[in-house]
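Overview (structure and organization)
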Amino acid sequence: MELMEKLYRTGQKYYFFLILGAFFLVNILFMHSFWRELFFDNSKIGARYGEVFVAEWAMDKVYENIILGRNPFAQSDSVLYPFGTDFTTTDSGNGFFFVLLRPFLSTHQSLAVIVASGLFFASIGMYLLLRKLGVSKLVSFPMGLAFGYMTFLMPRMGHLNYTSTYVFPWFFLSALSLITCNKVKVKLLSSFSTALFFVLTLYLNLYYFVMLVLSLFFFFIYYLFFQRKLLFSTIERNWHYFGLTIFFTGCFLYPWLVTLYETYLFEGFPKTEGWGGAIGFSSDLFGYFIPSSYSYFLKGIADFI
């Protein structure tokens, strides 16, 4: 009995490390094809798919701009000469992580490591966010795995910037820590990380950034109408930390805004007629009921048809 109690206490002490180990093993299992790039670089034999080649090129250009001391999003004359192209809307934010990886790995290997690691951190982030919200460990663990390896990602593995889903749980975890924690050091760190993940979402995937902004807007509207006292008291308690978060956000956004402004001066913003296909190419509720090859339950019917 005493031995069992001792083992229980030890398990509780190292529980989080056991969780990390489990997440890592699952990541190796699901993402082995990406980790395998460390041992053999498939780009050497031209084995790329989807839009990976173009994405890697843009990320590598962002990395080159950084190591040359230039604005990360500055124009490159490699294509569309003499006008060049900038990287404000190319979802090339992973180029920042290339600074750590490219001295040792190829462009293709670097992106493979970033993608695999991203899903690992997505699981951890969702686990920590759920624990912060008071969800039990037994529920948080499988939900972390479900979020990290959601079926939404599987048909999009030719568009690897979609795998940066980790920005969502880490942003909300940072924002929640900023609001709820009473320690000054934690609040300062949370202000920094909230701004970092907010801007990183823009740099990694413009669609995800729109989703994040919409979610913040709807949260604000909900609390404004239904929890107004709580909203105003939270702002009153943390207004200086919110101001610091806005300051950090401005600092992180500065190089992107500079390039965006230069682009505007040179060629203006693109003009789209009508809704620009927003309705015609959007998803709809019928997609949940009409058989599709990507549907888990209706795939057999779609294949038969």
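Here the structure is shown first, and the text comes after it.
With that out of the way, let us pick up the environment of F152. By the secondary structure assignment, F152 is in the loop between α7 (137-148) and α8 (167-180). With 10 residues separating them in the primary sequence, F152 and Y162 have C-alpha atoms 9.3 Å apart. Contacts of F152, omitting those with residues within four sequence positions, involve Y162 and Y208.

The next point concerns the environment of P169. Looking at the secondary structure, you find P169 in helix α8. As for P169 and F121, which are separated by 48 residues in sequence, their C-alpha atoms are 9.4 Å apart. Every residue in contact with P169, bar those within four places of it in the chain, is listed here: A122, G125, M126, L129 and F147.

In this section: the environment of M211. Within the secondary structure, M211 is located in helix α10 (residues 206-226). M211 gets classed as partly exposed once you look at its relative accessible area, which sits at 44%. Each C-alpha atom, one on M211 and one on F168, is 9.5 Å from the other, the two residues being 43 residues apart in sequence.

The tally for this structure, following the rule as stated, stands at 25 aromatic pairs. For the ring pair F16 and F17, a centre distance of 6.4 Å and an interplane angle of 65° mean the geometry is edge-to-face. Counting every residue linked through ring pairs, the aromatic cluster contains F16, F17, F23, Y127 and F141. A cation over a ring is seen here: K137 above Y15, with NZ or CZ 4.6 Å from the ring centre.

With that out of the way, let us pick up the pattern of salt bridges. A full pass over the atoms with the stated rule returns 2 salt bridges. A salt bridge links D60 to R102; the nearest nitrogen and oxygen atoms lie 2.8 Å apart. Note that D60 is positioned in helix α4 (residues 52-67) and R102 in the loop between α5 (98-101) and α6 (107-132), a separation of 42 residues in sequence. For D60, a relative accessible area of 13% puts it in the buried group. Here K61 ties to E64 by a salt bridge, and the two come within 3.5 Å at their closest N and O atoms. Taken together, the residues K61 and E64, both in helix α4 and 3 residues apart, mark about one turn of the helix.

What counts, and where the lines are drawn
Sequence positions are assigned chain by chain, starting from 1 and proceeding in written order. Owing to the predicted nature of the model, reporting of local features is limited to residues with pLDDT of at least 70; listing and counting of side-chain atom pairs is limited to 80 or more, with chain, interface and lining totals taken over all residues. As a rule here, side-chain values cover all heavy atoms of the structure and leave hydrogens and water aside. Strands here mean DSSP runs of E at least two residues long; helices mean DSSP runs of H or I at least four residues long; both are numbered from the N terminus. Only heavy atoms matter for contacts: two residues are in contact if any of them lie within 4.5 Å across the pair. Think of it in three bands: residues with accessible area under 20% of the maximum for their type are buried, residues over 50% are exposed, and the middle band is partly exposed, with areas taken using a 1.4 Å probe on protein chains only. Side-chain rings of Phe, Tyr and Trp, where Trp is taken by its six-membered ring, are said to pair if the distance between their centres is within 6.5 Å; with planes under 30 degrees apart they count as stacked, over 60 as edge-to-face, and otherwise as tilted. Here, a charge over a ring means that NZ of Lys or CZ of Arg falls within 6 Å of the ring centre while also lying within 35 degrees of the ring normal. For this analysis, a salt bridge means a side-chain nitrogen from Lys or Arg found within 4 Å of a carboxyl oxygen belonging to Asp or Glu.

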